Number of protein chains: 4
Amino acid sequence: MREFSWPARVYWEDTDGGGIVYYANYLRFLERSRTEWLRSLGFSQQALAREPGVLFAVVNVSVQYRRPARLDDELIVTCAPRADGSVCISFAQRILRAADAESLVSAEVKVACVDARTFRPTKLPEPLRAALQ
Amino acid sequence: MREFSWPARVYWEDTDGGGIVYYANYLRFLERSRTEWLRSLGFSQQALAREPGVLFAVVNVSVQYRRPARLDDELIVTCAPRADGSVCISFAQRILRAADAESLVSAEVKVACVDARTFRPTKLPEPLRAALQ
Amino acid sequence: MREFSWPARVYWEDTDGGGIVYYANYLRFLERSRTEWLRSLGFSQQALAREPGVLFAVVNVSVQYRRPARLDDELIVTCAPRADGSVCISFAQRILRAADAESLVSAEVKVACVDARTFRPTKLPEPLRAALQ
Amino acid sequence: MREFSWPARVYWEDTDGGGIVYYANYLRFLERSRTEWLRSLGFSQQALAREPGVLFAVVNVSVQYRRPARLDDELIVTCAPRADGSVCISFAQRILRAADAESLVSAEVKVACVDARTFRPTKLPEPLRAALQ
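Residues numbered from 1 in each chain as written. Chains lettered and ligands numbered in written order. Predicted model: local features only at pLDDT ≥ 70, side-chain atom pairs only at ≥ 80, totals over all residues. Heavy atoms only, no water.

So, the sheet that holds strand β4 (residues 88-97) of chain B
Spatial strand order, β1(B)-β3(B)-β4(B)-β5(B)-β2(B)-β2(C)-β5(C)-β4(C)-β3(C)-β1(C): ten strands in an open sheet with antiparallel pairing. Edge positions in the sheet fall to β1 (4-9) of chain B together with β1 (4-9) of chain C, since each has one partner strand and no second. The mean angle between the axes of side-by-side strands here comes to 25 degrees, regardless of whether they run parallel or antiparallel. (Pairing = 2+ DSSP bridges. Helix = DSSP H or I, 4+ residues; strand = E, 2+ residues; numbered from the N terminus. Axes fitted to C-alpha atoms, helices over the stretch in contact; angles between N-to-C directions.)

Topic: the interface of chain D and chain C
For interface size, the figure often reported is the accessible area lost on association. Contact residues are listed per partner, giving eight residues for chain D and eight residues for chain C. A combined buried area of about 640 Å² lies between chain D and chain C, and 68% of that area is made up of carbon and sulfur atoms. Considering only the surface of chain D that becomes buried against chain C, Trp12, Gly17 and Tyr22 of chain D emerge as the three largest contributors, covering 59% of it. Where chain D meets chain C, there are zero salt bridges. Counting across the interface, chain D meets chain C through four residue pairs in polar contact (both at pLDDT 80 or more). Of the residues that constitute the side of chain D that touches chain C, the class distribution is two nonpolar, four polar and two charged. (Contact = heavy atoms within 4.5 Å. Buried area = accessible area lost by both parts, 1.4 Å probe. Salt bridge = Lys/Arg side-chain N within 4 Å of Asp/Glu carboxyl O. Polar contact = N/O pair within 3.5 Å; in protein donor to acceptor, adjacent residues only side chain to side chain. Nonpolar A, V, L, I, M, F, W, Y, C, P; charged D, E, K, R; others polar.)

Remarks on helix α1 (residues 26-40) of chain C
Side chains three or four residues apart in an α-helix point the same way, a direct result of the helix having 3.6 residues per turn. All names here are of chain C. Here α1 spans 21 Å end to end across 15 residues, near enough to the 21 Å set by a 1.5 Å rise per residue. Most of α1 is tucked away, with 13 of its 15 residues classed as buried. Looking one or two residues beyond α1, the residue adopting positive phi is Gly42, at roughly 95 degrees. (Expected span 1.5 Å × (residues − 1). Buried < 20%, exposed > 50% of the residue type's maximum accessible area, 1.4 Å probe, protein only.)

Topic: the packing of aromatic side chains
Under the defined criterion, the tally for this structure stands at 21 aromatic pairs over all chains. With a centroid separation of 5.5 Å and 80 degrees between ring planes, the pair formed by Trp37 of chain A and Phe91 of chain A is classed as edge-to-face. A residue pair is termed long-range when its members are at least 10 positions apart, and Trp37 of chain A in helix α1 (residues 26-40) and Phe91 of chain A in strand β4 (residues 88-97) qualify at 54 residues. Phe91 of chain A matches Trp37 of chain A in its accessibility class, with the two residues each being buried. With a centroid separation of 5.3 Å and an interplanar angle of 85 degrees, the aromatic rings of Tyr22 of chain D and Tyr23 of chain D are classed as edge-to-face. Exposure remark for Tyr22 of chain D: the relative accessible area of 3% places this residue in the buried category. Judged by its relative accessible area of 7%, Tyr23 of chain D is buried. Ring pairs connect the aromatic residues Tyr22, Tyr23, Tyr26, Phe29 and Tyr65 of chain D, which therefore count as one cluster. Just above the ring of Phe119 of chain D sits the side chain of Arg70 of chain A; from NZ or CZ to the centre is 5.4 Å. The ring of Phe91 of chain C is capped by Arg34 of chain C, whose NZ or CZ atom sits 5.9 Å from the centre of that ring. (Phe/Tyr/Trp six-rings, centres within 6.5 Å; stacked < 30°, edge-to-face > 60°. Lys NZ or Arg CZ within 6 Å of the ring centre and 35° of its normal.)

Here it is as structure tokens:
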């Protein structure tokens, strides 16, 4: 599957007293890109939660912080998804500074498809599995 | 009703690139104090959401920012609740710096009791109304 | 001055356990719109912090929450700024749901120009005052 | 070095529309525990930033999400630090539900000591290195 890209802008809300983006907040940027990738395929998470009744839960995350992002920076947030068994999707993700394509953050994120009521692991919806191939 | 107090500590997550607490994040401190006031009366918001099936929704907020809170500051977050009709509670709230009782923020917050499913306004649960008198 | 508009999208990070946007997080959307209004006039807050050495500090906020925003909602965040004395700018702001232009939130936000080192109030930079007229 | 523990409470601000703590927000809990561990040794990050002029920057994070934390949960957030070369500290961390000691999250976090102005890696302050042995 090709790499998907989504822009983000750094606002005051994202920074901390060190003058750079707070380390937890990069995970918000990463999630936006995954959500927009799903949307680009025509999947709405609200619709999936109703029918077939599934949500995506993050199983594990690993993040390398290389260089800090700063207020006003324009970022490019990528995700390259691949099916990981019949229940999970693994995403290789990067956050780049748009101005010079400098790589700021890289991450691996594994999400599981779960039943929206019981939070039990369940198979990825068939149309999504098809899209992942 | 007497004023209720709850402590808070300023962490990196609360600050922004200006080196002070980000203006939206004071509202998180204010909400923690309201939640702990409810808990101090024996009310669990999770239990209320199940039976009688109500949530609290903020109707309006007005906040005066007097002096900034900084990393590591210990804060005192107060709330003085009063019944505001049969559906709403209004809270007069303040955030003080613990070290010198300097007043940093003052706020008025009005919350409405709403049906957990429809979000329609509904009467405050009787035990809570009794506690507010 | 004309009303300025900026889009925002509701992501998981913005919602809370009630399934709607957490009340403090609307203030992040409001701030993004003010920042983008400044940027649209050619002002960078990072540049202003260096020369002439000023920041903008929120003095007070008043927010009316009319209807909740939900996951995936596209929002329009407006701001109509006006000079408020020689030090402050007051913004009338609204958050609309893009799909139907339903008004979800309205707000008044007053910000003061302050010295970036001392946080003391200081006059608005002349080019910004000119732009506000 | 012994494991350090710090309590946290889950508030509305921490949850998302799935009714559980948003995955990025566990990193805030983890950071609070590391900060309180430093404070328990007598180190203030504000003081260290002035003299000898150092900050701590997160280099990498790896997080396993086992079970979700929910609104009102009381959590125990642990950290077991160890020196990792002369510049870094690595923390093994866990988040437990206080009620039943169920393990919800485990994490490995590596932080580097950096110059507060240049963000260049620099040796851990001697008193901190001594405390880590």
